[in-house]
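Next come the chains, spelled out residue by residue.
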Amino acid sequence: MRNLSIPVLSEFSKRTGVAVHLSVVYNSKRFISLSINSRGVPLESGNAGDTPENVYRRAATRLLLAYSSQEGLKGFLKRYGTPSSEAWHEGAADLEGALRQIREEKL
């Protein structure tokens, strides 16, 4: 998936000036398999483990959780807990509602 994604995501980043991260959740842990800077250049990604303090701050994590299975979501919550209001205000107040809103808006 990483190798197939590099040309497409690099071109997207060049055209939009937006950095891109290709991420997956596996065994309740988030992994970054590809990072491309805003100039379209692939970067080495260290797959450093997420901490409870920063895991919910990433939009990619929120998207992954919104489309995860219930089992995957439960495992993620067991590992990282629920978001703090500082990390994700809407999610801290109503995590399921915030994830449902992401799905409904087809983000």
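No experiment lies behind these values; they were computed from the predicted model shown.

Caption draft 1: Quick look at the sheet that holds strand E3 (residues 42-43). Strand order in the open sheet formed by 3 strands is E1-E2-E3, with antiparallel pairing between adjacent strands. For this open sheet the edge positions go to strand E1 (20-26) and E3, each flanked by a neighbour on one side alone. Inspection of the sheet shows E1 paired to strand E2 (residues 29-36) by 7 bridges, in the antiparallel sense. Bridged to Val-25 within E2 is Arg-30. Where helix H1 (residues 2-16) meets the sheet, its contacts fall on E1, E2 and E3, and the angle it forms with E2 comes to roughly 55°.

Caption draft 2: Structural view of the pairing of E2. Linking E1 back to E2 in an antiparallel pair, the connection comprises 2 residues, with Asn-27 at a positive phi of about 50°. Looking at chain direction, E2 and E3 are connected through 2 bridges and run antiparallel. Paired with Ile-36 across the two strands is Pro-42, which belongs to E3. In this structure, the hairpin formed by E2 and E3 is closed by a connection of 5 residues, where Gly-40 is found at a positive phi of approximately 90°.

Thresholds applied
- Residues numbered from 1 in each chain as written.
- Predicted model: local features only at pLDDT ≥ 70, side-chain atom pairs only at ≥ 80, totals over all residues.
- Heavy atoms only, no water.
- Pairing = 2+ DSSP bridges.
- Helix = DSSP H or I, 4+ residues; strand = E, 2+ residues; numbered from the N terminus.
- Contact = heavy atoms within 4.5 Å.
- Axes fitted to C-alpha atoms, helices over the stretch in contact; angles between N-to-C directions.

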